[in-house]
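Understanding the architecture of this molecule
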Amino acid sequence: MNSFSTLSFLLLLLFVLPLLGSCHEKQVYIVYFGGHNGDRALHEIEENHHSYLLSVKESEEEARSSLIYSYKHSINGFAALLTPHQASKLSELEEVVSVYKSEPRKYSLHTTRSWEFSGVEESVAPNYLKKDDLLMKARYGKNVIIGVLDSGLWPESKSFSDEGIGPIPKSWKGICQSGDAFNSSNCNKKIIGARYYIKGYEQYYGPLNRTLDYLSPRDKDGHGTHTSSTAGGKMVPNASAIGGFAAGTASGGAPLARLAIYKVCWAIPGEGKEDGNTCFDEDMLAALDDAIADGVDVISISIGTKKPQPFDQDSIAIGALHATKKNIVVSCSAGNSGPAPSTLSNTAPWIITVGASSVDRTFLSPVVLGNGKKFMGQTVTPYKLEKKKYPLVYAGQVINSNVSEDLAGQCLPGSLSPEKAKGKIVMCLRGNGTRVGKGGEVKRAGGIGYILGNSKANGAELAADAHLLPATAVDYKNAVQILNYINSTKSPVAYIVPGKTILHTKPAPYMASFTSRGPSAVAPDILKPDITAPGLNILAAWSGGSSPTKLDIDDRVVEYNIISGTSMSCPHVSGAAALLKAIHPSWSSAAIRSALITSAELRNNVGEQITDASGEPADPFQFGGGHFRPSKAADPGLVYDASYHDYLLFLCASGVKDLDKSFKCPKKSYSPRDLNYPSVAIPNLNGTVTVRRRLTNVGAPQSVYFASVKPPLGFSVEISPPILSFKHIGSKETFTITVKAHSDRMYSIPKDQYVFGWYSWNDGIHNVRSPIAVKLA
């Protein structure tokens, strides 16, 4: 290179490097001002947001090009490309509530019979929910609008037919947005709106790879179709998963409700769809802003974070708070990070947070060993072995030489040796990787069948999957025994019996081990989750653009699929909320949440307390108030109501003082536990604590309710007054709950452990029950 070329190159570097540095330094930040005050036009709001950007940018052009979203309807704020220094300067402005960075992979999706099973009574024999009575009262959810934030929707599914559905409600103000393989004709009187939000995703990943996903509201994943149909799908007779499993009528909770689809979650480049999608802060905030303006009544969000987020940096919490102003019910999944404590997301008290439990249906597929022993497993694979014994191996015995010892039994991609695995049934263990992916690896290596053994953490919970070869899943105890047989036998052999659907299994429900647990790491004074609903092995509609396993090597197409997660339990509660909204259109979102929590069931179908997957007693940090019972929630007797103003007082007490700039925190100090919530959590009891609650009568006039208490072990609980009289519907009465540790038993109460109790109000017809969680300081 001559001296002139060298000089030119150096000058070019001097010019390009700062640009590269500034590009790298810029990231998407959300600048949040709170809510909108006054009636400014949309263009005025956007200009106002531009003026803030112009104050930290060098030119008008740069300010305009950096704006990604301007939130104009209910939420006041914008998302923009900023340097950390620019974000810091904006955060110093008095009118700015918070500035937080959009973090890739922060939010992800929380990946029939369930409605028939949604009302186990207190008697020993199951007394199933009189669904038709509830549906008739609610007119099947007719004209209630459920907004679903997810991965889109497959409009051709029979679950979204508008046959027999009346005209679109006049309250609807939304749109049907066109895009890849989707236009206005894909909306109808059932799917009344559809939008997609991708600016945040594309800012980070670049333009969408159109072979990975549709640039439209169409669902190429399956998750959004599944959750939408669970909440509000039409009744579809003769539906079943691949192989004929779970055959029957598939139905959403509110089968005549309208659906509005907000696609905010997208495939991750370079990763398999089975690993899940990603959903960006700024895209979800834009969807929530539109959903509130569009006129939805219920918002269903099966999305969350792996780590709990502070309220002023949690886009779902911020959007949901604005929804409460319009009395919109927001239902969210608790997450799939159990069984560890304090793992749940979506902990805001203005959200209904839903855990996951089972229904009374299994898909039995036993393993028969060469020694004659039979171990129960579950599967929904349609593939069957010839009825004979096959060589059985543990995955660790047939791995390639480069696989580390700690991953030997995991059946991760490329780990198995075809020479060693061919023609054998391979046993893999849960841990790293996906359940279906392990089966895909066994098939790739030439295995004839696959046994998935639970880890100790998974216990006895069995998720049934549509594997790509004959397969079954066994619980931890059975997995240990099968491994012992393999290790103690010269030529182990086995046979996997084809799966079949079994109904009325007992005990049910039980809590899924994957369901995220309380206590809340963000707001320990609020008991979360609120409730549990079916989330294990749930049948619902599926996308024609995806396979039942979502694996690249799976080319099967299904109309209905069985999957598991709190993603599945959340839309059950969204559907129930839609029915309650139809029956009680004037009820607040807090009243609907209260009705669901205080009417929930604590017992399973053998009359005992709900357990975890291993048969141990479960507690309110797993199930909240209990297993949801929509028919009881429709007539709760009393409700714990709360307003937007109450939530702002709660935020003040929690140290979040400016989420709404128009509201000034009072000088009088409050405790977060004084929020009028249908449960009580006391994280650090030192001596005695008294909390206040207020009940509103929504039952019969001239009602008298009597208090009863089952105190947490080692504590006393006093309700004052113990009798409440309500003169008319809408009457409100206040009472206090005083919790005190027994001084003579304090030595026996572990300081780092919660204990649980209950208190109830009863008038002879209604039993309004609330959980209590207490831990010593």
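Residues numbered from 1 in each chain as written. Predicted model: local features only at pLDDT ≥ 70, side-chain atom pairs only at ≥ 80, totals over all residues. Heavy atoms only, no water.

Things to note about the side chain of Asp219
Within the secondary structure layout, Asp219 lies in the loop between α7 (199-205) and α8 (223-232). This buried residue, Asp219, is left without a salt bridge; Lys263 holds the nearest opposite charge, at 6.2 Å. Of note is the side chain of Asp219, whose polar atom sits 2.9 Å from the backbone nitrogen of Gly222. The residues contacting Asp219, other than those within four sequence positions of it, are Ser151, Gly152, Leu153, Trp154, Tyr214, Gly224, Thr225 and Ser543. (Helix = DSSP H or I, 4+ residues; strand = E, 2+ residues; numbered from the N terminus. Buried < 20%, exposed > 50% of the residue type's maximum accessible area, 1.4 Å probe, protein only. Lys, Arg positive; Asp, Glu negative; His and termini not counted. Salt bridge = Lys/Arg side-chain N within 4 Å of Asp/Glu carboxyl O. Polar contact = N/O pair within 3.5 Å; in protein donor to acceptor, adjacent residues only side chain to side chain. Contact = heavy atoms within 4.5 Å.)

Side note on the pattern of salt bridges
Charged atoms that come close allow side chains of opposite charge to pair. Tallying each qualifying case throughout the model produces 22 salt bridges. Measuring nitrogen to oxygen at the nearest pair gives 3.0 Å for the salt bridge that ties Glu271 to Arg105. The exposure class of Arg105 is partly exposed, given its relative accessible area of 41%. With a shortest N-O distance of 2.7 Å, Arg444 and Glu441 are connected by a salt bridge. You can see Arg444 and its partner Glu441 sitting in helix α12 (residues 435-444), three residues apart, about one turn around the helix.

Section: the UniProt feature "domain: Inhibitor I9" (unreviewed entry) in the protein chain
Mapped onto this structure's residue numbering, the UniProt feature "domain: Inhibitor I9" (unreviewed entry) falls at residues 28-106. When the span residues 28-106 is considered, its composition is 35% helix and 32% strand, and the gap between its end C-alpha atoms is 13 Å. (UniProt positions renumbered as here; feature names shortened; annotations may be inferred.)

Concerning the packing of helix α9 (residues 281-294) against helix α10 (residues 315-325)
The geometry of a pair of packed helices is captured by two quantities: the angle between their axes and the separation between those axes. The interhelical angle for the contact between α9 and α10, taken along N-to-C directions, is 10°, at an axis separation of 9 Å. Between α9 and α10, the interaxial angle falls into the category roughly parallel. Between α9, through Asp281, Met284, Leu285, Leu288 and Ile292, and α10, the contact on the second element is made entirely by Ser315, Ile316, Ile318, Gly319, His322 and Ala323. The residue makeup of the contact of α9 with α10, split by class, is seven nonpolar, three polar and one charged. (Axes fitted to C-alpha atoms, helices over the stretch in contact; angles between N-to-C directions. Parallel < 35°, antiparallel > 145°, perpendicular 65-115°, else oblique. Nonpolar A, V, L, I, M, F, W, Y, C, P; charged D, E, K, R; others polar.)

Considerations on the packing of aromatic side chains
Taken as a whole and judged by the stated rule, the model has 23 aromatic pairs. Between Tyr197 and Tyr262, the aromatic rings sit 6.5 Å apart at their centres with planes inclined by 25°, giving stacked as the arrangement. Here Tyr197, found in the loop between β7 (191-196) and α7, pairs with Tyr262, found in strand β10 (residues 258-263); they are 65 residues apart in sequence, far enough to count as distant. Considering the side-chain rings of Tyr640 and Phe735, the 6.4 Å spacing of their centres and the 65° angle between planes classify their relative orientation as edge-to-face. You can see Tyr640 sitting in the loop between β32 (638-639) and α18 (644-653) and its partner Phe735 sitting in strand β38 (residues 732-741), a full 95 residues away along the chain. A single burial state applies to Tyr640 and to Phe735, both of which are buried. Over the aromatic face of Trp154 sits the side chain of Arg218, whose NZ or CZ is 4.5 Å from the ring centroid. (Phe/Tyr/Trp six-rings, centres within 6.5 Å; stacked < 30°, edge-to-face > 60°. Lys NZ or Arg CZ within 6 Å of the ring centre and 35° of its normal.)

Notes on the sheet that holds β32
The strand order across the open sheet formed by four strands is β32-β34-β38-β36, and the pairing between neighbours is antiparallel. Edge positions in the open sheet fall to β32 and β36 (715-720), since each of these has one partner strand only. (Pairing = 2+ DSSP bridges.)

Observations concerning the nonpolar core
Membership of the largest hydrophobic core comes to 63 residues, with the highest contact counts inside it found for Ile299, Ile303 and Trp350. Look past the residues within four positions of Trp350 in its chain and what remains in contact with it is Phe311, Ala317, Ala320, Leu321, Thr324, Arg593, Tyr647, Phe650 and Leu651. One finds Leu259, Ala576, Ala577 and Ile592 within the second-largest nonpolar core, a separate group that totals 39 residues. (Core = buried A, V, L, I, M, F, W, Y, C linked by side-chain atoms within 4.5 Å.)

Observations concerning a nonpolar patch on the surface
A cluster of nonpolar residues, Val704, Phe706 and Ile723, forms a patch on the protein surface that exposes about 260 Å² of accessible area. You can see Phe706 is positioned in strand β35 (residues 703-710). (Patch = residues over 30% accessible without salt bridge, like charges linked within 9 Å, V, L, I, M, F, W, Y side chains within 5 Å. Areas by Shrake-Rupley, 256 points an atom, 1.4 Å probe, with all protein chains shown as cover.)

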